[in-house]
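Notes for the structure review
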Amino acid sequence: MNNKDTILVIGACALDRLLHVPSYPNEDDKILCNETYEYGGGNASNTASGIGRLLNRKNKQQSKDDDTSREGNLKVQLLTKVADDNIMLQLCQELKEYSVDLSSELFVKGPRGSKSPIATVIVSNNAPPSRTCFFDKGTCGVLETSDVDKVDFTKLFEHVRHIHSDT
């Protein structure tokens, strides 16, 4: 059990797929994308990743400035429900690289074979720049009471100093 003070982030974890196009297509058009990117997404996941990167930078700076500092005395933890697919394996690896703790009982894996939510964003580079988002909610679902029936919330929140929810 890790006794670090915790920033708890609750909410969605998804894949963001960005398609950059020279101009927004008309109905039935086929166009080539200038660039395509895939990143971890979902408001909570993005927030947790950002906090994790900031904490890493702060902890590294503290250890340089003060040899006696308690390096890493704060962590960020993500509470969400994720799918059972390769996309989520990729997203979990990305979150771990940003030092997001996924060890909570409320980091719940969806049903076997469930699919990740995906946001596809078409970004037009024409003036004025615009974007259009399409969201596939996947099949993993969201955290439900049945997912948390056996969780000891006193223990879960013992070291929590801040809670952020994306809803």
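On a predicted model such as this, the values are computed, not experimentally measured, just so you know.

**A closer look at the pattern of salt bridges**
- All chains considered together, the criterion is met by five salt bridges.
- Between Glu38 and Arg17 there is a salt bridge whose closest N-O contact spans 2.7 Å. Here Glu38, found in strand E3 (residues 35-41), pairs with Arg17, found in strand E2 (residues 14-21); they are 21 residues apart in sequence, far enough to count as distant.
- Judged by relative accessible area, Arg17 falls into the partly exposed class, the value being 25%.
- One salt bridge in this structure joins Lys75 and Asp101, with 2.9 Å as the shortest N-O distance. With a gap of 26 residues between them, Lys75 in strand E4 (residues 74-82) and Asp101 in strand E5 (residues 100-101) connect regions that are remote in the sequence.

**So, the sheet that holds E2**
- Spatial strand order, E3-E2-E7-E8: four strands in an open sheet with mixed pairing. Among the strands making up the open sheet, the edge pair consists of E3 and strand E8 (130-136). The sheet shows a mean angle of 20° between the axes of neighbouring strands, direction not considered.
- Where E2 lies against E3, seven bridges are found, and the strand directions are antiparallel. Note on E3: the bridge partner recorded for His20 is Glu35.

**Focus: the pairing of E8**
- As defined by bridge partners, strand E7 (residues 118-124) adjoins E8 across seven bridges and the pair is classed as antiparallel. Bridged to Val123 within E8 is Arg131.

**Topic: the nonpolar core**
- Of all hydrophobic cores here, the largest spans 19 residues; its most connected members are Val9, Val76, Leu78, Val100 and Leu102.
- Those elements giving two or more residues to this core turn out to be strand E1 (5-10), helix H1 (43-65), E4 and helix H2 (86-97).
- Those residues in contact with Val9 that lie beyond four places of it in its chain are Ala44, Thr47, Ala48, Ile51, Val76, Gln77, Leu78, Leu79 and His164.
- Listed in part, the seven residues of the second largest apolar core include Leu79, Val151, Leu156 and Val160.

Scoring rules and cut-offs
- Residues numbered from 1 in each chain as written.
- Predicted model: local features only at pLDDT ≥ 70, side-chain atom pairs only at ≥ 80, totals over all residues.
- Heavy atoms only, no water.
- Salt bridge = Lys/Arg side-chain N within 4 Å of Asp/Glu carboxyl O.
- Helix = DSSP H or I, 4+ residues; strand = E, 2+ residues; numbered from the N terminus.
- Buried < 20%, exposed > 50% of the residue type's maximum accessible area, 1.4 Å probe, protein only.
- Pairing = 2+ DSSP bridges.
- Axes fitted to C-alpha atoms, helices over the stretch in contact; angles between N-to-C directions.
- Core = buried A, V, L, I, M, F, W, Y, C linked by side-chain atoms within 4.5 Å.
- Contact = heavy atoms within 4.5 Å.

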